[in-house]
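Now for the letters of each chain:
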Amino acid sequence: MNQNAIKKIVIAGGGTAGWMCSAAMAKLLGKNIEVCLVESDLIPTVGVGESTIPTLHIFHDLLKISESEFMAATNATFKLGISFEGWKQNQQSYFHSFGYVGQGCWAAGFQHFWLKGMQQGVAADIGDYCTEHVASRLGKFAVVPNQDRNHAYQLDAGLYAKFLRNFAEQNGAKRIEGMISKVNLEPTNGFIKSLTLGDGQIIEGDLFIDCTGFKGLLIEQALHTGYEDWSHWLPCDSAVAVQTELVSPIVPYTRAMAHKCGWQWQIPLQSRRGNGLVFCSKYMSDDEAKTALLNNVEGKLINEPRVIKYRTGTRRKHWNKNCVAIGLASGFIEPLESTSIHLIQQSIIRLMQNMPTKAIESCYQDDFNNKMRFEAENIRDFIVLHYHVTQRTDSDFWRYCKNMPIPESLAKRIELFKQSGHVYKVEQELFGEASWLQVMLGQGLLPQNYHPIVDSMSDDELKRFLESIKTHAAKKANSLPSHIDFINHYCKAK
């Protein structure tokens, strides 16, 4: 180790973000770097993020975490996608699956062949050409060897933090109980020198990670980094959450049900269901939101509804001086596509990739900040797409979303798809072509043209081509066991 290298990392705050950081740092860097997490049992965490996307496999693979053990410990179920209900119009729904849709060629994606098939009346619903989509409808799932892991999880965030805490402490991480009363800065350069706790204890470190949630105790209150507000594109600023007992089958997907001022989620775990209502306080009060949610849940309440306030946006810098903000401290994009844990994971991985070998230099920070901002903006655009491309005009909220100006980056994607049917993914973007395709089609965008290479296939060849893919997807999905039977065999909660 270089004499001036990072020797001690101090993580401020626990919860999912703090313990994901602690687990990764202790496991992968703990032989050379001391990892210390400061949290207080008196400070509650948000703790409602119960749904993930498939990228969590990467994090667990790095830490060599057993999937079945993690799922049993967190009351988890499998997730193959999200059912969007009422987003295009009331009483209409579509499904965003995590799998691949059909099969394209070197010049054109599958959607071009599907578009011509639709014109000729020989194509089925786009989801019929995706195994994960069909399996979701059938309520089937299995982890199959040598197959792409196009599945995510629905889990208990509190139990996940507890699971990771045990993992982190087994790998040498140190937890300190206490409330942070003061952040002490170096007078010469403004770097964080130490944290003073309520009992007077002083915690020194070389690199500080802010996982203190929306308040950003280190990154904002101490370092005044600044925040970029995206609420003009994503106007929802509140959520009310409640847990209920299970009274219906456990499905392998999350439900996102649009309402007049936002949307409602339903997330089934092995022993309960997570429910929440995301809304814009300009159009709906907290009491109205609570009533709307409680009128549309199944099963007995396990806890009292809790209102959470937030502001969509991002810190101007995720890494400022010797402080890195991770999780809610770095910014927030509403959980419509379950990206919160993914952004925590990406922050951790990129921080470790940019871990200074000596004194912290701006080159480390710039690379980290540029990549995290790019990813946050890409996710932002994908979420805005759901709201803006809609045929709903039944409330002031939906009329605003339909007519609001949108980021230029998103407007270009929409126009390209409208004109040519082309979707794309560039390096470091999270959502792939299949995701953009399913949501654009689901929200009511239908391209005006398909790629001319499709016409090189005869009508009979096109019909057989589409039918073969559909048959293969159905056969594969039907061969799987039921979702609940596989869970009971593979990862039943204790």
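Because the structure is predicted, anything quoted here is derived from the model rather than measured.

Peer 1: What should I look at first to understand the pairing of strand S8 (residues 180-185) in this one?
Peer 2: Along a regular strand, successive side chains alternate from one face of the sheet to the other. As defined by bridge partners, S8 adjoins strand S9 (residues 192-197) across five bridges and the pair is classed as antiparallel. Across the sheet, the residue bridging to Val183 is Leu195, located in S9. The antiparallel hairpin formed by S8 and S9 contains six residues in its connecting segment, where Gly190 sits at a positive phi of about 80°.

Peer 1: Where do I start with the UniProt feature "binding site: 7-chloro-L-tryptophan" (unreviewed entry) in the protein chain in this structure?
Peer 2: UniProt annotation of "binding site: 7-chloro-L-tryptophan" (unreviewed entry) refers to Lys79 when read in the numbering used here. Classification of Lys79 by relative accessible area gives buried; the value is 0%. Discounting residues that sit within four places of it in the chain, Lys79 has contacts with Ser51, Thr52, Phe98, His151, Ala152, Tyr153, Gln154, Pro252, Tyr253, Thr254 and Ser338. In this structure the side chain of Lys79 is engaged in a polar contact, spanning 2.7 Å, whose partner is the side chain of Ser51.

Peer 1: Hey, could you run me through the UniProt feature "active site" (unreviewed entry) in the protein chain in this one?
Peer 2: Mapped onto this numbering, the UniProt entry annotates "active site" (unreviewed entry) at Lys79. With respect to the helices and strands, the residue Lys79 is situated in strand S3 (residues 77-79). There is a polar contact of 3.1 Å between the side chain of Lys79 and the backbone oxygen of Thr52.

Peer 1: Quick question: what am I supposed to make of the domain arrangement of the protein chain here?
Peer 2: How big an interface is tends to be expressed through the accessible area that disappears when the partners come together. Domain parsing of the protein chain yields domain 1 (8-49 + 156-231 + 313-378), domain 2 (97-147 + 393-479) and domain 3 (238-309). The centre of domain 2, based on its C-alpha atoms, is set 29 Å off from the matching centre of domain 3. The interface is formed by eight residues belonging to domain 2 together with nine residues belonging to domain 3. Taking both partners together, domain 2 and domain 3 bury about 630 Å²; carbon and sulfur atoms supply 70% of that area. For domain 2, the biggest contributors to the area lost against domain 3 are Ser136, Phe397 and Trp398; these three give 64% of the whole. Where domain 2 meets domain 3, there are zero salt bridges. Viewed at the interface, domain 3 and domain 2 are joined by two residue pairs in polar contact (both at pLDDT 80 or more). It is helix H10 (residues 396-403) that contributes the most residues to the side of domain 2 that touches domain 3, four residues altogether. Classifying every residue of the side of domain 2 that touches domain 3 gives three nonpolar, three polar and two charged.

Peer 1: When you look at the pairing of strand S13 (residues 238-245) in this model, what are you seeing that I'm missing?
Peer 2: Within S13, six of the eight residues are buried, leaving the element largely enclosed by the surrounding structure. Where S13 meets strand S16 (residues 272-279), eight bridges bridge the pair, whose relative direction is antiparallel. For Ala241, the partnering residue across the bridge sits in S16 and is Gly276. Pairing of S13 with strand S17 (residues 306-309) involves four bridges; the strand directions are antiparallel. Counted as the bridge partner of Ser238 is Lys309 from S17.

Peer 1: Any chance you could explain unusual backbone geometry here in plain terms?
Peer 2: What is expected of a backbone is that most residues other than glycine have negative phi and most peptide bonds are trans. You will see that Lys64, though not glycine, has its phi angle at about 55°, which is positive. As for its placement among the helices and strands, Lys64 is situated in the loop between helix H2 (56-63) and helix H3 (67-73). The class for Lys64 is exposed, based on a relative accessible area of 68%. Positive phi, normally seen in glycine, also occurs at Asn75, with a value near 60°. Inspection of the secondary structure assignment puts Asn75 in the loop between H3 and S3. We classify Asn75 as buried; its relative accessible area is 7%.

Peer 1: Can you walk me through H10 in this structure?
Peer 2: Owing to its 3.6 residues per turn, the α-helix brings residues three or four apart onto one side. For H10, the complete set of buried residues consists of Phe397, Trp398 and Cys401. Relative to the axis of H10, the buried residues are bounded by an arc of 90° and lie together on one face. The secondary structure elements touched by the buried residues of H10 are strand S14 (254-259), strand S15 (262-268) and helix H9 (362-388).

Peer 1: Please clarify how the packing of helix H5 (residues 131-138) against helix H13 (residues 459-478) should be interpreted in this entry.
Peer 2: Two numbers describe how H5 lies on H13: the axes approach to 8 Å, and their chain directions differ by 45°. It follows that H5 is oblique to H13 by the angle criterion. The chirality of how H5 crosses H13 is right-handed. Within the contact between the two elements, H5 uses Thr131, Val134, Ala135 and Leu138 and H13 uses Ala473, Ala474, Lys476, Ala477 and Asn478. Of the residues contributing to the contact of H5 with H13, the split by class is six nonpolar, two polar and one charged.

Peer 1: What is the right way to read the environment of Ile65 from this model?
Peer 2: One can find Ile65 in the loop between H2 and H3. Between the C-alpha atom of Ile65 and that of Gly158, which follows or precedes it by 93 residues, the distance is 18 Å. Not counting the four nearest positions on each side in its chain, Ile65 is found in contact with His60, Phe70, Phe163, Leu164 and Phe167.

Peer 1: It is not clear to me how the pattern of salt bridges should be interpreted in this structure. Could you clarify?
Peer 2: It is possible for side chains of opposite charge to pair when their charged atoms get near one another. Across all of its chains, the model carries 25 salt bridges by this definition. A salt bridge links Arg316 to Glu228; its shortest N-O distance comes to 3.9 Å. One end of the pair, Arg316, is in the loop between strand S18 (313-315) and strand S19 (319-320); the other, Glu228, is in strand S12 (residues 227-229), and 88 residues separate them in sequence. Asp381 is the partner of Arg380 in a salt bridge, and the nearest nitrogen-oxygen pair spans 3.0 Å. With respect to class, Arg380 is no different from Asp381; both count as buried. Via salt bridges that share partners, Glu39, Asp41, Arg175 and Glu177 belong to a single interconnected network.

The rules behind these values
- Residues numbered from 1 in each chain as written.
- Predicted model: local features only at pLDDT ≥ 70, side-chain atom pairs only at ≥ 80, totals over all residues.
- Heavy atoms only, no water.
- Pairing = 2+ DSSP bridges.
- Helix = DSSP H or I, 4+ residues; strand = E, 2+ residues; numbered from the N terminus.
- UniProt positions renumbered as here; feature names shortened; annotations may be inferred.
- Buried < 20%, exposed > 50% of the residue type's maximum accessible area, 1.4 Å probe, protein only.
- Contact = heavy atoms within 4.5 Å.
- Polar contact = N/O pair within 3.5 Å; in protein donor to acceptor, adjacent residues only side chain to side chain.
- Domains from an automatic or database assignment.
- Buried area = accessible area lost by both parts, 1.4 Å probe.
- Salt bridge = Lys/Arg side-chain N within 4 Å of Asp/Glu carboxyl O.
- Nonpolar A, V, L, I, M, F, W, Y, C, P; charged D, E, K, R; others polar.
- Arc of directions from axis to C-beta.
- Axes fitted to C-alpha atoms, helices over the stretch in contact; angles between N-to-C directions.
- Parallel < 35°, antiparallel > 145°, perpendicular 65-115°, else oblique.
- Left-handed = near helix turned anticlockwise from the far one by under 90°.

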